[in-house]
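Okay, here's what each chain looks like letter by letter:
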Amino acid sequence: MSDDPKISGRYRELPREEPPRALDDAILAASRRAVDARPAPLVAPTGRRRWYVPVAAAAVITLAVAVTLHVQHDRPSEEGEPMTPPMKVQQVPRVEAPRRIQKPAAQPFTPEPPRADSPASAAAAAPARPASEETRELRAQRDEIASAGTRERAANMQGASAPAPAAAAGKVSVLSRLAQQSPEQWLQGIADLRRQGRHDEADKELAEFRKRYPDYRIAPAMLEKVERSRAR
Amino acid sequence: MEAPDEQLMLAYRDGDAGAFETLYARHRGALYRFVLRSLKDRPVAEELFQEAWIRVIEARERYAPSARFTTWLYTIAHNLLVDHWRRKGLVLVELNDEHASSDNPARQVEARESVARFLQVLEALPPAQREAFLLHEEAGMTVAEIAAATGTNEEAAKSRLRYAIAKLKAAVDE
């Protein structure tokens, strides 16, 4: 080792002393104790800390189950609340459908309630079935509620007007176009016929009017216009 | 191929007790002789030797292989020696020559006298020079490593080593 091999050789001639065995044992025992005393985070805890793991796992599982059940329990109510307004929206056209139909129907002004076998009632009942089917459809398609309501209203209106011509085709075929108007308009039309000198047609329309509305009380001023003798 | 000292120390830092045993077996004799020949009291030498290894054990978690393990180990031993010298001063160490053997009694005497003379000169060296020489012979350190282990510059370490070798050579040539 030394620059001078002679010096290094002479030094090697010195006794090669070693530490006592007891000293070796003491040092090695200290080194093992140090390693054993070192915390090992990846090793499962022992002793008092052993209960941490199962308790923590049980707490986590319990919390997860509770949250899941809570979410599942709340989900129907959360979905049900927004469904309520569309249901109301859907009910409106169905309730109003018969009322709207009464006006364009054959008995728009009659004080009597519409009869069940009247064309108006049949027309009002006809769209009810499509309406209920459409309601179920709308429950599944919440986003189309508005447009679907519009479509249903249109369907109701169409259903209300469609049966009227159908009924008129059989029963009111002899009536003039005036007969399809309101009583006041019908009377005004008769008065116009009378003023134009078309008395035969006016008489026929008036007779038909009284047949259709036997209880309708014609105002005296209008009566002078629609009756042949008075109009003259 | 044997694992380097630094790798063994890192393994021990990570909990491998066997790595320390290998490391200790590799350096125990040289460090023991370094401490023993630096002092003149065997019990004190053994105490300092044990204390040096205990400090290695305690410092394992902050060990970083920025230098050779040998340099780090002998730096610890050097600091312990300095503390000891500051407290009590230097005394001669009784060394057994039981390992010396020869069939020729005359040569045995001659060799024993030669070794004893060499040992006397070695022990008579100034502590810094002796320490530089022991680090060079026992730990196999270069001048730069001696400077690092003893906390001095390379010029001073080189000078100490040169003076120690010159005095020992003079004793051998007599």
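Calculation criteria
- Residues numbered from 1 in each chain as written.
- Chains lettered and ligands numbered in written order.
- Predicted model: local features only at pLDDT ≥ 70, side-chain atom pairs only at ≥ 80, totals over all residues.
- Heavy atoms only, no water.
- Patch = residues over 30% accessible without salt bridge, like charges linked within 9 Å, V, L, I, M, F, W, Y side chains within 5 Å.
- Areas by Shrake-Rupley, 256 points an atom, 1.4 Å probe, with all protein chains shown as cover.
- Salt bridge = Lys/Arg side-chain N within 4 Å of Asp/Glu carboxyl O.
- Helix = DSSP H or I, 4+ residues; strand = E, 2+ residues; numbered from the N terminus.
- Buried < 20%, exposed > 50% of the residue type's maximum accessible area, 1.4 Å probe, protein only.
- Axes fitted to C-alpha atoms, helices over the stretch in contact; angles between N-to-C directions.
- Parallel < 35°, antiparallel > 145°, perpendicular 65-115°, else oblique.
- Left-handed = near helix turned anticlockwise from the far one by under 90°.
- Contact = heavy atoms within 4.5 Å.
- Nonpolar A, V, L, I, M, F, W, Y, C, P; charged D, E, K, R; others polar.
- Buried area = accessible area lost by both parts, 1.4 Å probe.
- pLDDT = per-residue confidence, 0-100.
- Core = buried A, V, L, I, M, F, W, Y, C linked by side-chain atoms within 4.5 Å.

1. Notes on a nonpolar patch on the surface
There is a patch of nonpolar side chains on the surface, built from Ile61, Val65 and Leu69 of chain A and spanning about 290 Å² of accessible area. Checked against the element boundaries, Ile61 of chain A lands in helix 3 (residues 52–102).

2. Quick notes on the pattern of salt bridges
One pass over the full model with this rule turns up 20 salt bridges over all chains. The salt bridge partner of Arg33 of chain B is Glu18 of chain A, with a shortest N-O separation of 3.4 Å. Residue Arg33 of chain B is located in helix 2 (residues 17–38), and its partner Glu18 of chain A is located in the loop between helix 1 (5–12) and helix 2 (21–37); the two belong to separate chains. Given the relative accessible area of 5%, Arg33 of chain B is considered buried. Note on Glu18 of chain A: relative accessible area 38%, which makes it partly exposed.

3. Focus on the packing of helix 6 (residues 127–138) of chain B against helix 7 (residues 143–150) of chain B
The relative placement of two packed helices is expressed as an angle between their axes plus a distance between the axes. Residues and elements named next belong to chain B. Running from N to C, helix 6 and helix 7 point in directions that differ by 125°, and their axes come no closer than 10 Å. One finds that helix 6 runs oblique with respect to helix 7. Here the hand of the crossing between helix 6 and helix 7 comes out right-handed. Residues Glu131, Ala132, Leu135 and His136 of helix 6 pack against Ile146, Ala149 and Thr150 of helix 7. When its residues are assigned to classes, the contact of helix 6 with helix 7 shows four nonpolar, two polar and one charged.

4. Some thoughts on the interface of chain A and chain B
Contacts between the two partners involve 29 residues from chain A and, on the opposite side, 43 residues from chain B. Roughly 3400 Å² is buried in total at the junction of chain A and chain B, and carbon and sulfur atoms are behind 60% of that figure. The tally of links from chain A across to chain B stands at seven salt bridges. Between Glu18 of chain A and Arg28 of chain B there is a salt bridge, with its nearest N and O atoms 2.8 Å apart.

5. A closer look at the confidence of the model for chain B
Residue and element names in this part refer to chain B. Scored by pLDDT, chain B has a mean of 83; 84% of the residues are at 70 or more. For residues 91–103, every residue scores under 50 in pLDDT, and the model assigns this stretch 30 contacts once sequence neighbours within four places are set aside. Overall fold confidence for the complex sits at a pTM of 0.47, while the interface term, ipTM, reaches 0.77.

6. Things to note about the nonpolar core
Membership of the largest hydrophobic core comes to 63 residues, with the highest contact counts inside it found for Leu31, Trp53 and Phe133 of chain B. Looking at this core element by element, the count peaks at eleven residues for helix 2 of chain B. Residue contacts for Phe133 of chain B: discarding those within four places in its chain leaves Ile7 and Tyr11 of chain A together with Phe118, Leu122, Leu161, Ala164, Ile165 and Leu168 of chain B. By size, the runner-up hydrophobic cluster in this structure holds 14 residues, among which are Trp186, Leu187, Tyr213 and Met222 of chain A.

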